[in-house]
Amino acid sequence: GKPVLIAYQYNADYDRLCRHLKTEVPQISGKTSGTLTDQLVRQWNEGQLPLLAVQPLALSHGINMQSAGNDIIWLGLTDSLETYKQLNARLHRQGVQGTVRVHRVLARRTVDIICRARIESKDNTQKSLLESLKEYRDAQSEG
């Protein structure tokens, strides 16, 4: 019964989503005006939108959306770790009520499987680098 944020990459994915649901889902894309984006974000945070479709790059930085839904569904994955993490962080922020769940719709033998592997690999590499830097910093402060 809580609102769901749906991430999509391509207009064809959005069109397929609307055809499947037999309704036009409110969306924030690269073509959405700032005024409409602000209105949709406000409606989302007030719990007025059961579904909101977003293109990740149109909504990845500086927007607070943690006041309504806790679920994000990725219909088409990006291979950009920053874009993936930033969009997920729109819901997973300080003040969020409950657990944020990230769902990824994947089909075997598709590019989404490759994107998932690339995101996970980049995330592991980033974590390893940050851990190494922390160890280096700690060793420098001890010596």
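These numbers come from a predicted model, not from an experiment.

Cut-off values and rules
Residues numbered from 1 in each chain as written. Predicted model: local features only at pLDDT ≥ 70, side-chain atom pairs only at ≥ 80, totals over all residues. Heavy atoms only, no water. Core = buried A, V, L, I, M, F, W, Y, C linked by side-chain atoms within 4.5 Å. Buried < 20%, exposed > 50% of the residue type's maximum accessible area, 1.4 Å probe, protein only. Helix = DSSP H or I, 4+ residues; strand = E, 2+ residues; numbered from the N terminus. Contact = heavy atoms within 4.5 Å. Patch = residues over 30% accessible without salt bridge, like charges linked within 9 Å, V, L, I, M, F, W, Y side chains within 5 Å. Areas by Shrake-Rupley, 256 points an atom, 1.4 Å probe, with all protein chains shown as cover. Salt bridge = Lys/Arg side-chain N within 4 Å of Asp/Glu carboxyl O. Axes fitted to C-alpha atoms, helices over the stretch in contact; angles between N-to-C directions. Parallel < 35°, antiparallel > 145°, perpendicular 65-115°, else oblique. Nonpolar A, V, L, I, M, F, W, Y, C, P; charged D, E, K, R; others polar. Arc of directions from axis to C-beta.

Chemist: Quick question: what am I supposed to make of the nonpolar core here?
Modeler: One broad rule of soluble globular proteins: the nonpolar side chains tend to lie buried together. Grouped together as the largest cluster of nonpolar side chains are 22 residues, with contacts concentrated most on Leu5, Trp44, Leu52 and Met65. When contributions to this core are tallied by element, the ones reaching two or more residues are β1 (4-7), α2 (34-45), β3 (51-54), β4 (71-74), α3 (81-91) and α4 (111-142). In terms of residue count, the dominant contributor to this core is α3 (four residues). Apart from the residues within four sequence positions on either side, Trp44 is in contact with Pro3, Val4, Leu5, Leu49, Leu52, Met65, Ala68, Gly69 and Leu91.

Chemist: Could you clarify how one ought to interpret a nonpolar patch on the surface in this entry?
Modeler: A surface patch of nonpolar side chains, about 300 Å² in accessible area, is lined by Leu129, Leu130 and Leu133. Note that Leu130 resides in helix α4.

Chemist: Which parts of the structure should I look at to understand the packing of α3 against α4?
Modeler: Helix-helix packing is described using two parameters, namely the angle between the two axes and the distance between the axes. Packing of α3 against α4 brings their axes to within 9 Å, and their N-to-C directions diverge by 90°. Between α3 and α4, the angle is such that the two are roughly perpendicular. Contact with α3, carried on its side by Leu81, Tyr84 and Lys85, involves Ile119, Lys122, Asp123 and Gln126 of α4 and no other residues of that element. Class assignment of the residues belonging to the contact of α3 with α4 gives a composition of three nonpolar, one polar and three charged.

Chemist: Can you help me understand helix α1 (residues 11-21) in this one?
Modeler: Structurally, the α-helix is built with 3.6 residues per turn, so residues lying three or four positions apart point the same way. Inspection of α1 places Asp13, Tyr14, Leu17 and Cys18 among the buried residues, and these make up the whole buried set. Considered in projection along α1, the buried side chains sweep an arc of 135° and stay on one side of the axis. Turned more than 90 degrees from where α1 packs its buried face, Arg19 and His20 sit exposed. Contacts made by the buried residues of α1 are with β1, β2 (27-28) and β3. At the C-terminal side of α1, Lys22 shows a positive phi close to 60°.

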